[in-house]
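Breakdown of the fold
Now for the letters of each chain:
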Amino acid sequence: MDLCPVAVLLQPLTSHIPPASHSILSNSCQSLLRDGLNIYAPNMRRPVAILALLYIAGLLLAEFLPLPLELLWPLNLGVAGAALLWPRGRGGLLILGMVLIGWLNLTLRTAIISPHDLRLLLTNAAPAEVVVRGRLTETPALRLFVRDEEESYRTLATLSVEALRLSGNWQPAQGRVLVLTPGELSADFFRGRRVEVAGIVAPPRGALAPGLFDYQAYLRRQAIYFQLRAATSNAWTILPPASASPPLSDRFMGWAKGVLRRGLPDDESARLLGAMTLGWRTALTHEVSEPFMRSGTMHIFAISGLHIALIAGILVSLLRVLQVPRAGCGLVVIPLVWFYTAATGWQPSAIRATVMMSVIIGGWALRRPGDLLNSLAVAGLIILLWDPQQLFQASFQLSFFVVLSIALLLPPIEGLRDRLWKTDPFLPQELLPQWRRWLNGPLRWVTTAAATSLAAWLGSLPLTAYYFHLFSPITLLANLVVVPLSSLALMCNLGSLLCGGWWPGVTELFNHSAWLWMWTMIRASELATQLPGAYAYVRSFSPSELALYYGLLAGSLSGWLFASRRRRWTFPAVGVALLVQAGLWFQQSRTTVLTAIPLNGGHAVFCEAAGRSADMLVDCGQTNAVEFVLTPFLRAQGVNTLPHLLLTHGDLQQMGGADLVMRDFRVRQVLASPVTQLSPTYRRVMAELRQTPNRLRLVQHGDEVAPWSVLHPAESDRFRQGDDNAVVLFAKLHDTRVLLLSDLGRPGQEALIGREPDLRADIVIAGLPAQGEPLCDGLLE
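Parameters at a glance
Residues numbered from 1 in each chain as written. Predicted model: local features only at pLDDT ≥ 70, side-chain atom pairs only at ≥ 80, totals over all residues. Heavy atoms only, no water. Helix = DSSP H or I, 4+ residues; strand = E, 2+ residues; numbered from the N terminus. Rg over C-alpha atoms; globule rule 2.2 N^0.38 Å. Buried < 20%, exposed > 50% of the residue type's maximum accessible area, 1.4 Å probe, protein only. Contact = heavy atoms within 4.5 Å. Pairing = 2+ DSSP bridges. Axes fitted to C-alpha atoms, helices over the stretch in contact; angles between N-to-C directions. Parallel < 35°, antiparallel > 145°, perpendicular 65-115°, else oblique. Left-handed = near helix turned anticlockwise from the far one by under 90°. Nonpolar A, V, L, I, M, F, W, Y, C, P; charged D, E, K, R; others polar. Expected span 1.5 Å × (residues − 1). Arc of directions from axis to C-beta. Phe/Tyr/Trp six-rings, centres within 6.5 Å; stacked < 30°, edge-to-face > 60°. Lys NZ or Arg CZ within 6 Å of the ring centre and 35° of its normal. pLDDT = per-residue confidence, 0-100. Right-handed = clockwise from strand over helix to strand, strands pointing away. Salt bridge = Lys/Arg side-chain N within 4 Å of Asp/Glu carboxyl O. Patch = residues over 30% accessible without salt bridge, like charges linked within 9 Å, V, L, I, M, F, W, Y side chains within 5 Å. Areas by Shrake-Rupley, 256 points an atom, 1.4 Å probe, with all protein chains shown as cover.

Here we look at the overall build of the protein
When helices and strands are tallied, the protein shows 26 helices and 20 strands. The C-alpha atoms of the protein give a radius of gyration of 31 Å, which matches the 28 Å a tight globule of 781 residues would have. Projected onto the principal axes, the alpha-carbon positions of the protein cover approximately 100 × 80 × 70 Å. Burial statistics for the protein: of 781 residues in total, 44% are counted as buried. Of the contacts made within the protein by residues no fewer than 6 positions apart, 71% connect residues no fewer than 24 positions apart.

In structure tokens form, the structure reads like this:
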């Protein structure tokens, strides 16, 4: 039986405590520990997995069924006391107690306990001008943004607030705020320094439309409920004592960046080496990271299991060559791996991987039998005890589901390979054909890498669709190339860091080698995304789809669904679940969804009709709005090809980004009014569209664009203002009357009223015309 590290630690306590000794534990506590081991350990190879699942159940209850602390504390204490005093019911009480611990832990992290909590002091959601004092919880991070081919920098810093000045009065405050500052702060601001910052505080902005990134929810998982915008770096003031020096991790990071750039040009490959090895996020702009995201290789830039395992493997190999015993290797390698995690900024993915690697190396050093699933459960339980909010973060879910999938799927695939490639067991190896002996090693390596890539892809597929709206079959091929190359680059960078302080020539040699591997990774990722069918944007999985997928995957791979004693009810249950899900899919496909999106002075309306062929986007906003709002929204809806784009009129705030939409979504047909517009951009777009037959369709009063009817303008209309010539649409969707007015001005509204006597509508979507009101009195009536 493989005992987990917790059980290993508890065994000496329960087996060597004298019965009459009450100095360490009472008899009841000893009995409780023994009963806990008897419940979870006998006939179980992975006892911590049960504990972790029970604890996670408590976290889910706290998330979806919150209870006040005044009730949870007595419940926890009552269950603990009952478990000590009632031996017969101890098993069930311990199970309930583990659930309650998770329930209490998450509630403690989210409840308002202090009377000085920022959520009580800043109850008004409107922005307010404040000054805050506090301590930097991490060194400010620099982010690079590229808009309209212009680079701009912004600094992000997390501040633990101690005091707040609002309306001229200082008052104690408690909480964390995210501070955003244009430009770069000086090196005098670092983790642990007390500062004072002036700016505008407000809750973070949520998602503008379904499927868009919810920044407010993301920060809330980090216990950050407010965002402070400082106008310039002059809004920052260092508070005494000002003589503190930067932490060791910051000094190491500065030194390491200099070492890794030695002898290299300041180009994309060199910057990405810093991102991959040191977690330097500034280099990962949207344009740079997009090929890696689409090819499913973005994970190489997170300080994760790949980095930690490689570094730990190299260190262990070097120490074993020097004849260092296992225990000594563990004592050296584990602190060094934790130092690397600290030096790279305590990234959550790095902490998870380091906890996991510490468990594995610790078990190996103590000569305990290893079990990947049990080690995964131990690491997950430790992390969630420390920070229960990580359960709801994408990176945590992806990390653990990928490792879980590899642990479940890799053994059966390798077993199938061994059965297909096996030879006569009685035939000596020397009598095998030479070509077969040569192929044994490479074939085993390639099939193991391919099986690992397949297992990781299957484990991450629904979560990638849920969080990033991507389906990337090319991931299977791209990772076979990129992951080995990234390992070579990491090894070169590690060699560069080891030689950086005393052997400059070899350091540059390592750097140039790492640059070559990174350049090859960039080209490989770009090439992979250009292959036919390499990737597609898809709609997010629903919670029921996620549960069904992972249930079928885990049940199939573990063989649980196919056990002879369960087949009579598991197969019908799976069939019913699939039928119910198919019914939900069919109902969704027959529903028309209308989404109006505000776009910084303009707006767009996306009509997702029953059947993709009738989908239509009405207007698109300016270039920045298309790039940062509309494109992510359409991709979140699973739009790869857009059947129809309607440009209502020539206002740049409504159609300035039409070129980007047509390029990124391969618009099949563009609809526009036959009325001449004065906008040069609009005229250019129309001229380009006329060069392709059937690409442009002119619509006017009386035309039909299913399910829409065009009400305005008529071909004979000639209004001075472009807004008055805007195309107006009407449709009856599922017994709901919808009217889209765009930016129609007052003269256009009056013409519409005179032309269409029945304009009754349940939903009216209108923009702001250049002159007049969105809806005149006659139109309102």
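Observations concerning the pairing of strand β20 (residues 763-766)
Here strand β19 (residues 736-742) pairs with β20 via 4 bridges, running parallel. By the bridge assignment for β20, S742 is matched with A766.

Some points on the packing of helix α8 (residues 248-260) against helix α17 (residues 475-499)
Put simply, α8 and α17 touch, their axes get as near as 9 Å, and they point 110° apart. By the criterion of interaxial angle, the relationship of α8 to α17 is roughly perpendicular. In the crossing of α8 with α17, the sense of the turn from one axis to the other is right-handed. Of the residues in α17, those touching α8 at W255, A256, V259 and L260 are N493, S496 and L497. For the contact of α8 with α17, a count of residues per class yields 5 nonpolar, 2 polar and no charged.

A few points about helix α4 (residues 69-85)
Under the 1.5 Å per step criterion, the end-to-end length of α4 is 24 Å for 17 residues, consistent within 8% with the ideal 24 Å. Of the positions making up α4, those classed as buried are L69, L72, N76, V79 and A83. Down the axis of α4, the buried set is contained in an arc of 100°. They therefore lie on one face. Pointing more than 90 degrees away from the buried face of α4 are the exposed residues E70, L77 and L85.

Focus on the packing of aromatic side chains
Evaluated as defined, the whole model comprises 15 aromatic pairs. On the basis of an interplanar angle of 40° and a centroid distance of 6.0 Å, the ring pair of F252 and W255 is categorised as tilted. Of this pair, F252 and W255 both sit in helix α8, 3 residues apart, which is roughly one turn of the helix. Judged by relative accessible area, which is 36%, W255 ranks as partly exposed. An angle of 45° between the planes, with centres 5.2 Å apart, marks the rings of W502 and W503 as tilted. What makes W503 partly exposed here is its relative accessible area of 44%. The structure contains a cluster of three or more aromatic residues connected by ring pairs, namely F213, Y215 and Y218. One cation-aromatic arrangement involves R119 over Y225; the distance from NZ or CZ to the ring centre is 4.2 Å.

Considerations on the confidence of the model for the protein
On average, residues of the protein score 84 in pLDDT, and 93% of them are at 70 or above. Segment residues 1-43 is flagged for pLDDT under 50; beyond a separation of four residues in sequence, or across chains, it makes 57 contacts in the model.

As for the pairing of β19
Burial analysis of β19 places 6 of its 7 residues in the buried class, the great majority of the element. In the sheet, strand β18 (residues 728-733) pairs with β19 via 5 bridges, with the strands oriented antiparallel. Counted as the bridge partner of A731 is V738 from β19. In textbook terms, the turn of a hairpin is the stretch between consecutive antiparallel strands, and for β18 and β19 this stretch comprises 2 residues, one of which, H734, has a positive phi near 50°. A crossover links β19 with its parallel partner β20, the connecting element being helix α25 (residues 746-755), and its sense is right-handed.

Considering the pattern of salt bridges
Counted under the stated rule, the structure contains 15 salt bridges. Among the ionic pairs, R221 bridges to E63, the shortest N-O distance being 2.9 Å. Remark: E63 occurs in helix α3 (residues 47-64) and R221 occurs in the loop between α7 (215-220) and β6 (224-229); sequence separation between them is 158 residues. A residue is classified by how much of its surface remains accessible, and R221, at 13% relative accessible area, is buried. The exposure class of E63 is partly exposed, given its relative accessible area of 25%. The salt bridge partner of E526 is R523, with a shortest N-O separation of 3.3 Å.

Looking at the sheet that holds strand β15 (residues 696-698)
An order of β10-β11-β12-β13-β14-β15 is seen for the 6 strands of this open sheet, with the pairing classed as mixed. Strand pairing shows two members of the sheet lacking a second neighbour, β10 (593-599) and β15, which therefore form its edges. Averaged over all pairs of adjacent strands, the angle between strand axes in this sheet comes to 20°, irrespective of strand direction. Pairing of β10 with strand β11 (residues 602-608) involves 7 bridges; the strand directions are antiparallel. Paired with I597 across the strands is A604, a residue of β11. Together, β10, β11 and β12 (616-618) form the strand contacts of helix α21 (residues 623-636), whose direction differs from that of β10 by roughly 165°.

Focus on the sheet that holds β19
Ordered by their spatial adjacency, 5 strands build an open sheet running β16-β17-β18-β19-β20, and the pairing between neighbours is mixed. The two strands at the open ends of the sheet, each matched to only one other strand, are β16 (704-705) and β20. With 3 bridges connecting them, strand β17 (residues 708-712) and β18 associate as antiparallel partners. By the bridge assignment for β18, S709 is matched with F730.

Notes on a nonpolar patch on the surface
A cluster of nonpolar side chains, namely W73, L77, L108 and I113, defines an oily patch on the protein surface of about 400 Å² accessible area. You can see W73 is positioned in helix α4.

Some remarks on α8
Over its 13 residues, α8 extends 18 Å from the first C-alpha to the last, a length consistent with the 18 Å expected when each residue adds 1.5 Å. Regarding α8, the residues found buried are S249, F252, M253, A256, V259 and L260. Projection of α8 onto a plane perpendicular to its axis shows the buried side chains occupying an angular sector of 130°, all on one side.

A closer look at unusual backbone geometry
Note the cis peptide between H712 and P713, where omega equals 0°. Positive phi outside glycine occurs at A223, with the angle close to 60°. Positionally, A223 belongs in the loop between α7 and β6. Exposure remark for A223: the relative accessible area of 31% places this residue in the partly exposed category. Look at S742: it is not a glycine, yet its phi comes out positive at around 55°. By the element assignment, S742 lies in strand β19.

A word on the packing of α3 against helix α5 (residues 90-110)
Their axes nearest at 7 Å, the elements α3 and α5 cross at an angle of 45°. On the basis of the axis angle, α3 is oblique to α5. Here the hand of the crossing between α3 and α5 comes out right-handed. Contacts between α3 and α5 involve L51, L54, Y55, A57, G58, L59, L61, A62 and E63 from the former and I95, M98, V99, I101, G102, W103, N105, L106 and T107 from the latter. A class-by-class count of the residues in the contact of α3 with α5 yields 13 nonpolar, 4 polar and 1 charged.

Here's the deal with the environment of F213
Locating F213 in the fold gives a position in the loop between β5 (194-202) and α7. Relative accessible area serves as the criterion here: at 56%, F213 is assigned to the exposed category. A sequence separation of 312 residues divides F213 from S525, and the C-alpha atoms of the two residues are 24 Å apart. Residue contacts for F213: discarding those within four places in its chain leaves A207 and Y218.

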